[in-house]
Amino acid sequence: MLLLDFIRYHQHLTGTKIGCREGDCGACTVLLGELKTELNQESALNYRSVTSCLTPLGNVQGKHVVSIEGINMQELNPIQKAMSDESATQCGFCTPGFIMSLSGFCLSRKEPSPENAIASVDGNICRCTGYKSIERAVACVSDLLKTRDNTEPALFAAEQKILPAYFSGIRERLLKMEAYEFSGKEGSNARFVGGGTDLYVQKHDEMTHASIRFMLEDQSLKGIEIADNKCILGASSTVTDFGENPALQSYFPELKAYIKLISSTPIRNIATIAGNFVNASPIGDLTIFFLALETELELSDGKNVRTIPLRKFHTGYKQLDKRPEEFITRLWFELPFPNSKFNFEKVSKRTHLDIASVNSALSLQLENDAQGNEIISKALLSAGGVGPTPVFLEKTAAFLKGKTPDESLIIDIIKIAQTEIKPISDARGTEVYKRLLLSQLIKAHFLKFFPQLKAEALL
Amino acid sequence: MKNIDSFNHVRGESRYLDDIPLIQGTLFGVALGASVAHGIIKKLDLSEALALEGIVRIFTDKDITGENQIGGIVPDEPLLADHHVHFSGMPIAFVVAETEEIAREALKKIKVEIEALPVITDPREAQAKGELIVPPRTFRIGDTDAAWQDCAYVFEGKADTNGQEHLYIETQGAYAVPLENGVIKVYSSTQGPTAVQRAVCKVLGVPMHQIEVDVTRLGGGFGGKEDQANTWAALCALATHVLKKPVKYSLHRMEDMAMTGKRHPYSTDFKIGLSRELKILAYEATFFQNAGAAADLSPAVLERTLFHSVNTYFIPNVRVTGNSCRTNLPPNTAFRGFGGPQGMFVIEAAIVKAAESIGVEAAQIQRINLNKTGDEFHYGQIAQSESQACWEKALEIYGFDQMKEAVGAFNKANLLHKKGLALMPVCFGISFTNTMMNHARSLVHVYSDGSVNVSTGAVEMGQGVNTKILQVAAQVFSLNADKIRINSTNTFRIANTSPSAASATADLNGKATLIACTEILKRLKKVASDELKIDAKEIELKNELVLAGGAETGLDWKRLVALAFMKRVALSEHGHYATPEIHFDKTKEKGHPFAYHVYGTAITEVTIDCLRGTYEVDAVKVVHDFGTSMNPVIDKGQIEGGIVQGIGWMTLEELIYDKEGKLKSNALSTYKVPDIYAVPKKIEIDFLQTEQDNLAIFRSKAVGEPPLMYGIGAYFALRNAVKAFNPAAELPFDAPMTAEKVLLGLYAGKY
Ligand SMILES: Cc1cc2nc3c(=O)[nH]c(=O)nc-3n(C[C@H](O)[C@H](O)[C@H](O)COP(=O)(O)OP(=O)(O)OC[C@H]3O[C@@H](n4cnc5c(N)ncnc54)[C@H](O)[C@@H]3O)c2cc1C
Ligand code: FES
Ligand code: FES
């Protein structure tokens, strides 16, 4: 059962709304609170917003579930007041979702800037207001948090009467809850469910009676480790875990900007990396991202473990080199060297919360040749939306090796890239468009890496 | 005053259809939609579905107790397909089960064999084959044939606009509950409770006094629930009528998107002629409206396209013809603007085509041709124009000339980004173009404790109409808002209503409320006059006190009401309002169809990324003719929302049907509406306050639809930005301007 149905039709709490059941509107947003223990640290109370329409009940085991009813007080709380005062609610159907996303923001440790506050509602669609009034309300909400120092957000929110007083006691109540043991008792044909953000959209009906193995909270599949210039990620790391990792942010200075292009806050909070690979969409953003990093996967069937390069994982349209009982446990890649460059590009019809028309990642290693010219010593180029699988552009990358990055080189490799792709026309664009777009994204990679290149020679 | 619902909205306590607590024994229905767009049903095998545990009944056209007909304007739309399927998603059967899950399970077990017939998705093809919903209509003024020879310039072209999915966030639905004596109460998410009532009565074969339709509020409508809520209500009511059990159906998003009609796509040929001084002397257009498989509201939508085909320009010679073309898409329907936007897009395209060909700026042609008070529209009405006032004010207060210079300088300095600017003046007529629909009623009760209850035919869907009606009552009685309650919209309380549409809801229902309250007030004053022995003319109610000649009298509202009650004075009134002055003669296509027009001008600035083809709207700056706004907060919200919806239609929102008539953009993942990052970075709205009398409630002009058309500016601004990068690009007039079209335009002819 999905959390949404449980809340609305079993608990009869009708403040949580249904707009799409596909994670795309945010009307069903609720919060999940849990205690997270980082190495050698006191456990921290952590809240995140999620789309309840894609969250199986199994994924909320041991957590504090907050629906809109759980944040109502006698009077309007300041978040609600801001939305009401700014007339940021017209038909009102989207409103509880917005309020919950903003409550999630108040409970998070994100810096309380207006930009971050706006980002917290990036998964909420409002068809009525035109968002300007919502922007004004959201600005008031970020102001509420200005005086918060290192106080735990939930305590601060309770003290300041932003949220009900009971939030100050949640830590104790969670501590008293029985620890959730990963049971592993499911039948051998159990389906792996990560965040469920693909499965419950694509196979909604099938999942109703399926036997499930919940991966998202399996601690053995979590964690991000950095050692020996290598990054090892647990398969159930979420997009948020990945994007908010401070160490990774220093290796990929634009990581936050890339991540912002992927789905929305409540989806990223539950969507796993393994889920993206296994879903095998030809335009999976994480797949394209990790392809250009020569990522290796570790697969296990519970007994035997093997590793395989991500490049070899997708063998055909939605076909994988994976037996049904195998699951991904970990993945790793070499961190970029100081003299290497990485860039990810994505263009979709709507810039945010949309699937790519075409996406692409390029990583380059550079060195100086005998004459002191900068040359490309290694190149890895991936592209999505241009074939039945995520594409690793092998010939293009090979051609780059040993070359000096200049305008004519870019024109040359675009021609090669065009021979390596087979886009089709669909709802995300015509073939002609996708071909042109990939060329443009390749130019974009290079113009970002080498701003001295003459753009007019490329356009 | 804030929207009176906002307190409950932000707490999640407002009640929508799916939130109504269920009555025990409620059954759940789900409709089976056709999987092909055109064909003959050869076999419909329900046996496997019926064998499922928990299935109660499966309804097909044979089970309809009345008429299998829900067409509003033209009776051409069966509720459930008989043997002929006309569009993909057309309801064929209605499964009723003990749970929704079982009903959905059963859907998959129904076996339908349909012999496919040729599918038409293109309105021009339909027209060529004679597939018209109603005969073509032509509006004309002057003599275009004769005028062409006086023109220094004549240009012809084609302009297309795609449809638009309403995407009200609350999907369609209905819940029918049996009462005694065969009465059925239908909760419906509809803009037209009476339309639902009529459709249900026809399908069930029962008189209207047996069907109570009740609407508390909608989670958005935008026209999509004006006529198309009827289907679900009729299906649920039919099942209730037969089974004597409550039956509910709340559509899943993909069902809603697949089964319901949208804004009409149009394809249009135009011809425009100008004098050397850039005066538009003649304009002709032939519209091909993609009506879908049944009439629904298409003829009325087409009519408004013709009315607004010259937008806000005065053109002495006009001939515009509209074809409502029958295709195999779901029947298209009302959507904010109601055909007006489609008409305005074409004249704007024609002006741009002329400007580009002559080598002047479009704004020059626009400005010279704005209408003035006294000009005659091609349908005979004489303009009371604010067109030039809005335009000139916008140019001035927003510093248009400086904006233009700045954009020019930016484009010179930047290669990878280009900016574009466009002006979009708008003139939109207020009233149902079908004159007989322009009336409304309001039932006002003053209870003996002084509290007030108001019922009207208006449906609250976020536009704030209930707030405005409350303001009317509060103002007339000089009462605090907390003394007044606005009831749900209910056909047993208010009969024979027009739908909440045409931006006229607050005007019509507000005026009816004004009439009812004024009548009660008159009686109360009489009571006070008798009691105080003071001439009624001296008596005034102010802030809940009874004043005489401005001085307190010791009487207050509560005591006055109690007194009136004791004196057996009627404290209830049913007010009726019918818009005066309006008329339209369809045999001549002339008359005075609109109570008034709303004017405005928008300046839109955009920036495109010339590498990736993506874009942002930097700003939309508007001067809007409000008359005298009675609720600036709500009106501003309507304008901001309308602009963004209009921009969505012109940019991101791309409805895609394949050749087989199947919707490809069938979910929120493939049909993208604006999110918080896609909206203009800045929206500025300036109020053009006017003092002239008009027929609006408290002179506060209607504001629901007109702003949507400001969004058209975004299309032309993007076009200008593309041209700044690639002046040689030949860009067809074909909205929406998606990122794909921008990129292909930027590089058209380059590779
Ligand atoms: C609204 C919305 C927006 C989205 N936007 C984007 C976007 O912008 N870019 C993008 O790339 N994707 C997007 N997605 C898709 C989705 O969020 C991602 O693909 C996500 O990474 C899937 O992870 P998950 O954990 O939710 O997968 P799930 O749905 O749980 O699982 C997906 C598949 O992976 C399998 N699986 C899960 N974990 C494992 C494991 N450890 N080992 C083996 N198999 C496993 C499941 O059995 C299933 O077959 C979007 C989805 C939604 C609903
Ligand atoms: S219902 Fe739309 S995101 Fe869950
Ligand atoms: S207020 Fe209607 S969808 Fe946001």
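Residues numbered from 1 in each chain as written. Chains lettered and ligands numbered in written order. Predicted model: local features only at pLDDT ≥ 70, side-chain atom pairs only at ≥ 80, totals over all residues. Heavy atoms only, no water.

**As for the overall build of chain A**
So, point 1. Looking only at helices and strands, one finds 19 helices and 16 strands in chain A.
So, point 2. With the C-alpha coordinates of chain A rotated into their principal frame, the extents come out at 75 × 50 × 45 Å.
So, point 3. Counting all 459 residues of chain A, 61% fall into the buried class.
So, point 4. The long-range fraction of contacts in chain A, counting pairs at least 24 apart against all pairs at least 6 apart in sequence, stands at 63%.
So, point 5. If the 51 positive side-chain charges of chain A are averaged to one point and the 54 negative ones to another, these points end up 3 Å apart. (Helix = DSSP H or I, 4+ residues; strand = E, 2+ residues; numbered from the N terminus. Buried < 20%, exposed > 50% of the residue type's maximum accessible area, 1.4 Å probe, protein only. Contact = heavy atoms within 4.5 Å. Lys, Arg positive; Asp, Glu negative; His and termini not counted. Charge placed at Lys NZ, Arg CZ, Asp CG, Glu CD.)

**Structural notes on the domain arrangement of chain B**
All names here are of chain B.
So, point 1. When the domains of chain B are assigned, the result is domain 1 (6–117 + 166–259), domain 2 (266–432 + 588–747) and domain 3 (439–578).
So, point 2. A separation of 39 Å is found between the C-alpha centroids of domain 2 and domain 3.
So, point 3. Contacts between domain 2 and domain 3 engage 21 residues on the former and 21 residues on the latter.
So, point 4. Both sides of the domain 2 and domain 3 interface together cover about 1500 Å² of buried area, and 62% of this is carbon and sulfur.
So, point 5. Where domain 2 meets domain 3, there are 1 salt bridge.
So, point 6. The partner of Lys468 in a salt bridge is Asp635, with the nearest N and O atoms 2.7 Å apart.
So, point 7. At the boundary of domain 2 and domain 3, one finds 7 residue pairs in polar contact (both at pLDDT 80 or more).
So, point 8. Sorting the residues of the side of domain 2 that touches domain 3 by element identifies strand 16 (417–430) and helix 17 (632–650) as the ones contributing at least two each.
So, point 9. Of the residues forming the side of domain 2 that touches domain 3, the biggest block, 3 residues, is contributed by helix 17.
So, point 10. Of the residues contributing to the side of domain 2 that touches domain 3, the split by class is 13 nonpolar, 5 polar and 3 charged. (Domains from an automatic or database assignment. Buried area = accessible area lost by both parts, 1.4 Å probe. Salt bridge = Lys/Arg side-chain N within 4 Å of Asp/Glu carboxyl O. Polar contact = N/O pair within 3.5 Å; in protein donor to acceptor, adjacent residues only side chain to side chain. Nonpolar A, V, L, I, M, F, W, Y, C, P; charged D, E, K, R; others polar.)

**Quick notes on the state of the cysteines**
Residues and elements named next belong to chain B.
So, point 1. Going through the model one piece at a time under the given rule, you end up with 0 disulfides over all chains.
So, point 2. With no disulfide of its own, Cys201 lies 15 Å from the sulfur of Cys236, the closest cysteine sulfur.
So, point 3. On the basis of relative accessibility, which here comes to 6%, the residue Cys201 falls in the buried class. (Disulfide = S-S within 2.5 Å.)

**As for the domain arrangement of chain A**
So, point 1. The domain boundaries assigned to chain A delineate domain 1 (3–176), domain 2 (218–334) and domain 3 (340–458).
So, point 2. Between the C-alpha centres of domain 1 of chain A and domain 3 of chain A there is a distance of 39 Å.

**Overview of the nonpolar core**
So, point 1. A:Phe446 and B:Tyr283 are the most contacted members of the largest nonpolar core, which has 217 residues in total.
So, point 2. Sequence-distant contacts of A:Phe446, that is, excluding residues within four places in its chain, are made with A:Leu362, A:Leu364, A:Ile376, A:Leu400, A:Ile410, A:Ile413 and A:Leu453.
So, point 3. Counting 61 residues, the second-largest nonpolar core is a separate cluster that includes B:Phe59, B:Val95, B:Ala103 and B:Val186. (Core = buried A, V, L, I, M, F, W, Y, C linked by side-chain atoms within 4.5 Å.)

**Examining helix 16 (residues 557–566) of chain B**
All names here are of chain B.
So, point 1. Buried within helix 16 are the following residues: Trp557, Leu560, Val561, Leu563 and Ala564. Seen from one end, helix 16 has its buried residues packed into an arc of 160°, which puts them on one side. What points out from helix 16, more than 90 degrees from its buried face, is the exposed set Arg559, Phe565 and Met566.
So, point 2. Directly beyond the C-terminal end of helix 16, a positive phi value near 60° is found at Arg568. (Arc of directions from axis to C-beta.)

**Section: the side chain of B:Ser488**
Residues and elements named next belong to chain B.
So, point 1. Its location among the elements puts Ser488 in the loop between strand 19 (484–486) and strand 20 (489–490).
So, point 2. For Ser488, a relative accessible area of 16% puts it in the buried group.
So, point 3. At 2.9 Å, the side chain of Ser488 and the side chain of Asp214 are in polar contact.
So, point 4. Look past the residues within four positions of Ser488 in its chain and what remains in contact with it is Asp214, Val215, Thr216 and Arg493.

**Details of the interface of chain B and chain A**
So, point 1. Contacts between the two partners involve 76 residues from chain B, matched on the other side by 76 residues from chain A.
So, point 2. The contact between chain B and chain A buries some 6200 Å² in all, and 59% of this surface belongs to carbon and sulfur atoms.
So, point 3. Viewed at the interface, chain A and chain B are joined by 12 salt bridges.
So, point 4. Residues B:Lys672 and A:Asp24 are paired through a salt bridge, measuring 3.9 Å at the closest nitrogen-oxygen approach.
So, point 5. The tally of links from chain B across to chain A stands at 38 residue pairs in polar contact (both at pLDDT 80 or more).
So, point 6. For the side of chain B that touches chain A, the secondary structure elements donating two or more residues are helix 1 (6–11), helix 3 (100–109), helix 8 (253–259), helix 17, strand 29 (682–689) and helix 19 (739–746) of chain B.
So, point 7. Considering each element in turn, the side of chain B that touches chain A owes the most residues, 8 residues, to helix 17 of chain B.
So, point 8. Of the residues in the side of chain B that touches chain A, the class split is 34 nonpolar, 20 polar and 22 charged.

**Here we look at the pairing of strand 10 (residues 184–188) of chain B**
Put simply, side chains in a regular strand alternate between the two faces of the sheet.
Residue and element names in this part refer to chain B.
So, point 1. Among the 5 residues that make up strand 10, 4 are buried, leaving the element largely enclosed by the rest of the structure.
So, point 2. Strand direction decides the pairing type here: strand 9 (residues 173–178) and strand 10, joined by 5 bridges, are antiparallel. Each bridged residue has a counterpart across the sheet, and for Pro178 the counterpart in strand 10 is Ile184.
So, point 3. Hairpin connection, strand 9 to strand 10: the antiparallel pair is bridged by 5 residues, and Asn181 has positive phi, about 60°. (Pairing = 2+ DSSP bridges.)

**Overview of the sheet that holds strand 3 (residues 55–59) of chain B**
Residue and element names in this part refer to chain B.
So, point 1. Spatially, the 8 strands line up as an open sheet ordered 3-5-1-12-9-10-11-20, and their pairing is mixed. Whereas interior strands pair on both sides, the edge strands pair on one side only; in this sheet they are strand 3 and strand 20.
So, point 2. Here helix 6 (residues 193–204) sits on the sheet and contacts strand 10, strand 11 (211–215) and strand 20; the angle it forms with strand 11, its principal contact strand, is near 150°.
So, point 3. Packing of helix 7 (residues 230–243) onto the sheet brings it into contact with strand 1 (27–33), strand 3, strand 5 (91–97), strand 9, strand 10 and strand 12 (247–250), and relative to strand 9 it is tilted by some 25°. (Axes fitted to C-alpha atoms, helices over the stretch in contact; angles between N-to-C directions.)

**Focus on the site of ligand 1**
Residues and elements named next belong to chain A.
So, point 1. Taken together, 33 residues surround ligand 1, and among them Phe192, Thr197, Asp198, Thr272 and Asp285 come closest.
So, point 2. In this structure, an oxygen atom belonging to ligand 1 sits 2.7 Å away from a main-chain N or O atom of Gly194.
So, point 3. Within the side chain of Thr197, an N or O atom sits 2.6 Å from an oxygen atom of ligand 1.
So, point 4. For ligand 1, the protein covers 93% of the area, taking 980 Å² as the surface of the free molecule.
So, point 5. Mapped by element, the contributors of at least two residues to the shell around ligand 1 are strand 4 (191–193), helix 8 (199–202), helix 14 (273–279) and strand 12 (327–334).
So, point 6. In terms of residue count, the dominant contributor to the shell around ligand 1 is helix 14 (5 residues).
So, point 7. Looking at the shell around ligand 1 residue by residue, the class counts come to 16 nonpolar, 11 polar and 6 charged. (Near = heavy atom within 4 Å. Areas by Shrake-Rupley, 256 points an atom, 1.4 Å probe, with all protein chains shown as cover.)

**Quick notes on the UniProt feature "domain: Aldehyde oxidase/xanthine dehydrogenase a/b hammerhead" (unreviewed entry) in chain B**
So, point 1. Listed under "domain: Aldehyde oxidase/xanthine dehydrogenase a/b hammerhead" (unreviewed entry) in the UniProt record, and renumbered for this structure, are residues 11–118 of chain B.
So, point 2. Each end of residues 11–118 of chain B is marked by a C-alpha atom, and these two atoms are 51 Å apart; helix forms 14% of the span and strand 31%. (UniProt positions renumbered as here; feature names shortened; annotations may be inferred.)

**Examining the packing of helix 2 (residues 78–85) of chain A against helix 3 (residues 95–107) of chain A**
All names here are of chain A.
So, point 1. In the contact formed by helix 2 and helix 3, the axes pass within 10 Å of each other and the chain directions differ by 135°. Classified by the angle between their axes, helix 2 and helix 3 sit oblique to one another. Read as a crossing pair, helix 2 and helix 3 show a hand that is right-handed. In contact with Ile79, Gln80 and Met83 of helix 2, helix 3 contributes Thr95, Phe98, Ile99, Leu102, Ser103 and Cys106.
So, point 2. Across the contact of helix 2 with helix 3, the residue classes tally to 6 nonpolar, 3 polar and no charged. (Parallel < 35°, antiparallel > 145°, perpendicular 65-115°, else oblique. Left-handed = near helix turned anticlockwise from the far one by under 90°.)

**Quick notes on the sheet that holds strand 24 (residues 572–578) of chain B**
Residue and element names in this part refer to chain B.
So, point 1. Within the open sheet, the 4 strands sit side by side as 19-18-17-24. Their pairing is mixed. Unpaired on one side and paired on the other, strand 19 and strand 24 mark the two borders of the sheet. Neighbour-to-neighbour, the strand axes of the sheet open up by a mean angle of 20°, direction not taken into account.
So, point 2. Both strand 17 (residues 439–446) and strand 24 contribute to a ladder of 7 bridges, which runs antiparallel. If you follow Leu443 over to strand 24, its bridge partner there is His574.
So, point 3. Against the sheet, helix 14 (residues 465–477) engages strand 17, strand 18 (452–456) and strand 19, with an angle of about 150° to strand 19.
So, point 4. Of the strands in this sheet, strand 17, strand 18 and strand 24 touch helix 15 (residues 505–532), which is tilted by about 140° from strand 24.

**Re the pairing of strand 2 (residues 44–51) of chain A**
All names here are of chain A.
So, point 1. Among the 8 residues that make up strand 2, 6 are buried, leaving the element largely enclosed by the rest of the structure.
So, point 2. The sheet contact formed by strand 1 (residues 29–36) and strand 2 spans 8 bridges and is antiparallel. Residue pairing for strand 2: Val30 is matched across the bridge by Val50.

**Examining the confidence of the model for chain B**
So, point 1. On average, residues of chain B carry a pLDDT of 97, and 100% of them reach 70 or more.
So, point 2. Both confidence scores are given for the complex: pTM 0.97, ipTM 0.97. (pLDDT = per-residue confidence, 0-100.)

**Let's talk about the environment of B:Asp269**
Residues and elements named next belong to chain B.
So, point 1. Summarising the element assignment, Asp269 is placed in strand 13 (residues 266–274).
So, point 2. Sequence separation between Asp269 and Val56 is 213 residues, and the spatial gap between their C-alpha atoms is 53 Å.
So, point 3. A polar atom in the side chain of Asp269 sits 2.9 Å from the side chain of Arg124.

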